[in-house]
Amino acid sequence: PTNYCSSRGNNASFEYIDFVGIGGISNATASNNGYADFTNQKGNINYGSNTIVLSVGFSGTSYTEFWKVWIDFNKNGTFESSEEVVSGSTSSSGNLSYNFNVPSSALIGETRMRVSMKWDATQTACETFSYGEVEDYIVNIGNSSRIALNNIKIDGELTETAKVFDTNIYNTFSGVTIKMK
């Protein structure tokens, strides 16, 4: 969906998002005037445990900044509270690592991720606030969940590519059966 709500900081001249790293995205920037659309950058994330690295840029004095990250797991164009994967605060300009889980209920494929950094208070996904910045990206959920195999049967059908979630894989050459849920 392209009808996501808007969110931005009205002033990003004192503090701004200066780094986002996730699933192959390594985006170092300066101030983007409160909002940046980086949906041309795509990161691959897996079901289960993932890590995102974020950092704040300060033009002078450091302030307390609040981070929030949402991923639209159900691809409905809305960042729901259950889709919030990061919540934290810092007054450091160093890189911060946050771990989060992608639930098995998340839809496979590309979807929107929103990174928001707000001065002095927590934010919502669809908020315009006084100081800070918001950046949007694309993440590809479950990209590495697909494996390429030769001459395998999945639930009785011969195929060359298998999706490894909730399926049985039979290796007909060695008689080995692998069950994955």
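Quick note: structure is the one above.
Here the structure is a predicted model, which means the values were calculated and not measured.

> Describe the overall build of the protein, naming the residues involved and giving the relevant values.
Per the secondary structure count, the protein includes zero helices and 14 strands. In the protein, the order of α-helices and β-strands from amino to carboxyl end is β-β-β-β-β-β-β-β-β-β-β-β-β-β. Taking as baseline every contact in the protein between residues at least 6 positions apart, the subset at least 24 positions apart corresponds to 66%. Taken as a whole, the protein presents about 9000 Å² of accessible surface, with 45% of it coming from carbon and sulfur.

> An account of a nonpolar patch on the surface is needed here, citing residue identities and associated values.
There is a patch of nonpolar side chains on the surface, built from Phe 14, Tyr 63 and Trp 119 and spanning about 260 Å² of accessible area. On the secondary structure map, Trp 119 appears in strand β9 (residues 109-119). Note on Trp 119: relative accessible area 31%, which makes it partly exposed.

> Go over unusual backbone geometry, please, and point to the residues and values.
One non-glycine residue, Lys 75, lies in positive phi territory at about 55°. Relative to the helices and strands, Lys 75 resides in the loop between β6 (65-71) and β7 (84-90). According to the relative accessible area criterion, Lys 75 is partly exposed, its value standing at 25%. A positive phi angle, close to 70°, is found at Asp 120, a residue other than glycine. Secondary-structure assignment places Asp 120 in the loop between β9 and β10 (128-141). By relative accessible area, Asp 120 is classed as partly exposed at 48%.

> Lay out the pattern of salt bridges in plain terms, naming residues and giving numbers.
On inspection of all chains with the given rule, the structure shows five salt bridges. With its nearest N and O atoms 3.5 Å apart, the salt bridge here joins Lys 42 to Glu 110. Taken together, the positions of Lys 42 in strand β4 (residues 35-45) and Glu 110 in strand β9 put the pair 68 residues apart, joining distant regions of the chain. Classification of Glu 110 as partly exposed rests on a relative accessible area of 42%. Taking the shortest distance from any N to any O, the salt bridge between Asp 136 and Arg 114 comes out at 2.8 Å. A residue pair is termed long-range when its members are at least 10 positions apart, and Asp 136 in strand β10 and Arg 114 in strand β9 qualify at 22 residues. Given the relative accessible area of 0%, Asp 136 is considered buried.

What counts, and where the lines are drawn
Residues numbered from 1 in each chain as written. Predicted model: local features only at pLDDT ≥ 70, side-chain atom pairs only at ≥ 80, totals over all residues. Heavy atoms only, no water. Helix = DSSP H or I, 4+ residues; strand = E, 2+ residues; numbered from the N terminus. Contact = heavy atoms within 4.5 Å. Areas by Shrake-Rupley, 256 points an atom, 1.4 Å probe, with all protein chains shown as cover. Patch = residues over 30% accessible without salt bridge, like charges linked within 9 Å, V, L, I, M, F, W, Y side chains within 5 Å. Salt bridge = Lys/Arg side-chain N within 4 Å of Asp/Glu carboxyl O. Buried < 20%, exposed > 50% of the residue type's maximum accessible area, 1.4 Å probe, protein only.

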